Amino acid sequence: MLCPAQHHRLAVDASAFRLPSAAVLHLSATTSHSSHKPSSTTTLRVSLTPNPETTTTPTPQQQRSPILRTHNSKSTAFLLHHLSPSSPQHQPPHQNDHGDDDVLSEEDRVRLWELSLVRKRSPRFPGSILADPPPPRARAESVPPSPLGTLFRDKGHADDDDEEDMLIKAIEIRRKVTAQILNDALQKEGRFGITYATNLVSKMGGFIDCVMIAAAAMKNMPDFSTSSFNVRARIIVDETNVVDLVRWFKHNELSYPQIGKIICMSKGNLKHLRSLAEWLKGIHVKGKFIGTMFLRVGEVILSRSMDELDDNVEYLESKGVRRDWMGYIVGRCPELLAFSMDELKTRVAFYMDMGMKEHDFGTMVYDCPKVLGFLTVDEMKFKVSYIRKFGLNNEDVGRLLAFKPHLMVCGIEEKWKPLIKYLYYLGVSSDGLRKILVTRPIVFCVDLEETIVPKVQFLQEIGVHEDAIGRMIVKFPSLLTYNLQKKIRPKVIFLLTKAGVTRKNIAKVIASAPQLLGRSIAHKLDANVKYFLSLGISLEDLGEMITDFPMILLYNVELLRPKYRYLRRIMVRPLQDLIEFPRYMSYSLEERIMPRHKVLVENRINFTLQDMLAITDEEFNERVVAELRDRERFEAGGALLESEHDKLMDRMQVGLESSEVINDDWSSSNEMRDIGP
């Protein structure tokens, strides 16, 4: 120690520190300072001399004991080299059993070689712990050999298996280095997060192997013969532009496992992968479907040339598929690009042979692209033959598939047969099934348990019988495709609460007009109910009208107004006539109501609305003639002649166009009556 106030020397005996060579450390310092001078001079002398009192001769086992602080082993070995009096100046103080000159053991040397292969040094700071420290000597026997341990073993004890293991482990080290280089590139150039880059690299094992092999092959090139592996690997990663490709896939909403799978699928040929992606964008395939295409048929598409892909697209275009539809079709059925030209022609000819036109074929493929590329040819033939069993010929099947091609992708065993069996249980005949298939084929594609059965159970709960349900389905097959909670149940509640239909009559209303369940409440049903209530009809009477004729809620209000005005102003009928016969609103004003009313007025005949409208023209003529005859009999006290009756009937059949027909007959009958006896 140095005294700050005096000039003296202080010697400290360091024998208490117990240095490995039993040396004595003497520290001497000379300090000169003056209270009048700001500067001072300090001299520190260090002398190492052996202490004869504490010096002992080390045992051979002590000479072989390792130095545990390996990170300072070189400096400590150099220090001990000069402290040992028995060792020459050019030899280290410790030697191992094999006579090597290194202080470190074989395992420590192997570990240092492994750490030297790591690209980046682990961070070191006070208090840090090595991520993978060398095992202690006490556990050396229980720890498995390190990857490069065989490099320092005696070659006489190494066998072929050890050499193979050593090579595999060395390759694993190179792979980890390559993965770290790729990870750094994604983080720095791609601006990806640490977690995302790490997860993505973990899914790109095949691409990492390609980079590692390419970097190793660059060693034979003169320009890179002296470059390190890290430099060569970094060059390969930069040349492939994998970072830009990953950014593009991520922008199109692909997950990192999908991106890793697609990149590995390319087998290192990212240039072809990028050019294929640009080609798909050229035929209007959206980015989110490009990734799906590579995942489904990427290996087949990558193995084909651009000319082959262009031929497939041009052939489809020649068969009615429009160019601007191609991206939508290929994006949803990429198998079309994986087919060879012969197979594609076979599939197209299968539909063309059913009499399908090119325009219909193009729209069919656009509506359901899977109809052309999802099934095998044998499956397509089997489904067409099954559809023919419903009584359809080849041309009918072609028109049906052009209208609803989704029938081809619905499983027969899974959907068709259970549905047909269930409809038979509800009383639907074979003709009814054929009608359902032709008018609403989508029914055969819906799920039976989740979609159809709940609707049938609901209809049974409100009082509709099973046989009536079957007739409802045949009459209105779209009923089975409606949503129960959003469309069917709200209509029933509306009819019960807002339209005056009673709980007793609701089943009759639904069974008579299932079309009510498909109309909008806000735009149709509610508007019609409000119109009839505005006419002065009570809610109870409206409910009876709907029960008698439910279709009254389906007509357009603008068509109902002229009929009502004609009824009230021209025909001068009371409102009760409309309540008793609501079907009046279903007849044509110009073609039926006005001509028949004119005949009745001109012949001074009064019929009820039902007798006036709910019959054919022949029946109406007969009733008019019968009414005239009865009136004439009442007035004359006798019956008309048979000839007069036949003549009058002939003229009534000529027309209801003009009332002069009946007037002429009426005058002629009077003349005949005057001539007769």
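Computed from a predicted model, the values in this text were never measured in an experiment. (Residues numbered from 1 in each chain as written. Predicted model: local features only at pLDDT ≥ 70, side-chain atom pairs only at ≥ 80, totals over all residues. Heavy atoms only, no water.)

**Details of the overall build of the protein**
Then, in step 1: Within the protein, the secondary structure is distributed over 34 helices and three strands.
Then, in step 2: Looking at the protein as a whole, 39% of its 677 residues qualify as buried.
Then, in step 3: Relative to all contacts within the protein whose residues are 6 or more apart in sequence, the contacts with residues 24 or more apart total 65%.
Then, in step 4: Looking at the protein as shown, the accessible area adds up to about 39000 Å², and 53% of this sits on carbon and sulfur atoms. (Helix = DSSP H or I, 4+ residues; strand = E, 2+ residues; numbered from the N terminus. Buried < 20%, exposed > 50% of the residue type's maximum accessible area, 1.4 Å probe, protein only. Contact = heavy atoms within 4.5 Å. Areas by Shrake-Rupley, 256 points an atom, 1.4 Å probe, with all protein chains shown as cover.)

**Thoughts on the packing of aromatic side chains**
To describe a pair of aromatic rings, one takes the distance between the centres and the angle between the planes.
Then, in step 1: Summed over all chains, the structure comprises 19 aromatic pairs.
Then, in step 2: Ring centres 6.2 Å apart and planes at 25 degrees place the aromatic pair Phe 549 and Tyr 555 in the stacked group.
Then, in step 3: By the ring-pair criterion, three or more aromatic residues cluster together here, those being Tyr 386, Phe 390, Trp 416 and Phe 444.
Then, in step 4: Stacked on the ring of Phe 229, the Lys or Arg Arg 174 has its end atom at 4.7 Å from the ring centre.
Then, in step 5: Above the ring of Phe 374, the side-chain terminus of Lys 370 is found at 5.1 Å from the ring centroid. (Phe/Tyr/Trp six-rings, centres within 6.5 Å; stacked < 30°, edge-to-face > 60°. Lys NZ or Arg CZ within 6 Å of the ring centre and 35° of its normal.)

**Description of the state of the cysteines**
Then, in step 1: With the rule as written, the count across this model stands at one disulfide.
Then, in step 2: No disulfide involves Cys 333; its sulfur sits 8.5 Å from the nearest other cysteine sulfur, which is in Cys 368.
Then, in step 3: A relative accessible area of 1% means that Cys 333 is categorised as buried.
Then, in step 4: Lacking any disulfide linkage, Cys 368 is separated from the closest cysteine sulfur, that of Cys 410, by 8.4 Å.
Then, in step 5: Among the residues examined, Cys 368 registers a relative accessible area of 5% and is labelled buried. (Disulfide = S-S within 2.5 Å.)

**Structural notes on the side chain of Lys 404**
Then, in step 1: Counting through the fold element by element, Lys 404 comes out in the loop between α19 (394-403) and α20 (412-425).
Then, in step 2: One buried charged residue, Lys 404, remains without a salt bridge, the closest side chain of opposite sign being Asp 367 at 7.2 Å.
Then, in step 3: Discounting residues that sit within four places of it in the chain, Lys 404 has contacts with Pro 441 and Ile 442. (Lys, Arg positive; Asp, Glu negative; His and termini not counted. Salt bridge = Lys/Arg side-chain N within 4 Å of Asp/Glu carboxyl O.)

**Observations regarding the side chain of Asn 252**
Then, in step 1: By the secondary structure assignment, Asn 252 is in the loop between α8 (242-251) and α9 (256-265).
Then, in step 2: Residues in contact with Asn 252, not counting those within four places in the same chain, are Gly 287 and Lys 288.

**Description of the pattern of salt bridges**
Then, in step 1: Applying the stated criterion to the full structure yields 17 salt bridges.
Then, in step 2: A salt bridge links Arg 175 to Asp 209; the nearest nitrogen and oxygen atoms lie 2.7 Å apart. Residue Arg 175 is located in helix α4 (residues 160-188), and its partner Asp 209 is located in helix α6 (residues 205-217); the two are separated by 34 residues in the primary sequence.
Then, in step 3: We classify Arg 175 as partly exposed; its relative accessible area is 24%.
Then, in step 4: Take Asp 209: its relative accessible area is 24%, and that puts it in the partly exposed class.

**Observations regarding helix α30 (residues 589-602)**
Then, in step 1: Look at α30: 18 Å from first C-alpha to last across 14 residues, which is about the 20 Å you get at 1.5 Å a residue.
Then, in step 2: Within α30, burial applies to Leu 589, Ile 593, Arg 596, His 597, Val 599 and Leu 600.
Then, in step 3: Put simply, Ser 588 is the residue that caps the front of α30, since its side-chain oxygen is 3.3 Å from the backbone nitrogen of Glu 591.
Then, in step 4: In the segment just after α30, Arg 604 is the residue with positive phi, at about 55 degrees. (Expected span 1.5 Å × (residues − 1). Polar contact = N/O pair within 3.5 Å; in protein donor to acceptor, adjacent residues only side chain to side chain.)

**What to know about the nonpolar core**
Then, in step 1: In this structure, Tyr 351 and Tyr 584 are the most contacted members of the largest nonpolar core, which totals 166 residues.
Then, in step 2: The element contributing the most residues to this core is helix α11 (residues 287-302), with seven residues.
Then, in step 3: With residues near it in sequence (within four places) discarded, Tyr 351 still touches Met 356, Phe 361, Met 364, Val 371, Leu 372, Met 380, Leu 401 and Met 408. (Core = buried A, V, L, I, M, F, W, Y, C linked by side-chain atoms within 4.5 Å.)

**Let's talk about unusual backbone geometry**
Then, in step 1: Notably, Arg 191 is not glycine yet its phi reads approximately 60 degrees, a positive angle.
Then, in step 2: Tracing the backbone shows Arg 191 in the loop between α4 and α5 (194-202).
Then, in step 3: In the Ramachandran plot, His 284 falls in the positive-phi region, its phi being about 75 degrees despite a non-glycine side chain.
Then, in step 4: Positionally, His 284 belongs in the loop between α10 (270-282) and α11.
Then, in step 5: Take His 284: its relative accessible area is 47%, and that puts it in the partly exposed class.

**Digging into helix α21 (residues 430-439)**
Then, in step 1: When we look at burial in α21, the residues that qualify are Gly 432, Leu 433, Ile 436 and Leu 437. All buried residues of α21 lie within an arc of 135 degrees about the axis, which places them on one face of the element. (Arc of directions from axis to C-beta.)

**Describing the environment of Leu 479**
Then, in step 1: With respect to the helices and strands, Leu 479 occurs in the loop between α23 (466-475) and α24 (484-497).
Then, in step 2: Once the C-alpha coordinates of Leu 479 and Leu 517 are considered, the two residues, 38 residues apart in sequence, prove to be 7.4 Å apart.
Then, in step 3: Discounting chain neighbours no more than four positions away, the residues touching Leu 479 are Lys 455, Leu 459, Met 472, Ile 488 and Leu 517.

**Let's talk about the packing of helix α22 (residues 448-461) against α23**
Then, in step 1: Where α22 meets α23, the axes come as close as 10 Å, and the angle between the chain directions of the two elements is 130 degrees. When the axis of α22 is compared with that of α23, the two are oblique. Here α22 and α23 pass one another in a crossing that is right-handed. Residues Val 456, Leu 459 and Gln 460 of α22 lie in contact with α23, whose contacting residues are Glu 466, Ile 469 and Met 472.
Then, in step 2: Considering only residue class, the contact of α22 with α23 consists of four nonpolar, one polar and one charged. (Axes fitted to C-alpha atoms, helices over the stretch in contact; angles between N-to-C directions. Parallel < 35°, antiparallel > 145°, perpendicular 65-115°, else oblique. Left-handed = near helix turned anticlockwise from the far one by under 90°. Nonpolar A, V, L, I, M, F, W, Y, C, P; charged D, E, K, R; others polar.)

**Considerations on the confidence of the model for the protein**
Then, in step 1: Scored by pLDDT, the protein has a mean of 76; 71% of the residues are at 70 or more.
Then, in step 2: Element-level pLDDT for the protein is lowest in helix α34 (residues 660-675), with a mean of 38, against a maximum mean of 94 in helix α27 (residues 539-548).
Then, in step 3: A low-confidence stretch, residues 1-58 (pLDDT under 50), is modelled with 76 contacts involving residues beyond four sequence positions or located in other chains.
Then, in step 4: In the model, residues 136-158 has pLDDT below 50 throughout and makes 26 contacts with residues more than four positions away in sequence or in other chains. (pLDDT = per-residue confidence, 0-100.)

**Considering the packing of α5 against α9**
Then, in step 1: Put simply, α5 and α9 touch, their axes get as near as 8 Å, and they point 40 degrees apart. If you check the angle between α5 and α9, you find them oblique. Classified by chirality, the crossing of α9 by α5 is right-handed. Side by side, α5 and α9 meet where Tyr 196, Asn 199 and Leu 200 of the first sit next to Tyr 256, Ile 259 and Gly 260 of the second.
Then, in step 2: A per-class count over the contact of α5 with α9 returns four nonpolar, two polar and no charged.

**Observations concerning the environment of Leu 419**
Then, in step 1: Checked against the element boundaries, Leu 419 lands in helix α20.
Then, in step 2: A residue is classified by how much of its surface remains accessible, and Leu 419, at 1% relative accessible area, is buried.
Then, in step 3: Measuring from C-alpha to C-alpha, the distance between Leu 419 and Glu 449 comes to 9.4 Å, with 30 residues separating the pair along the chain.

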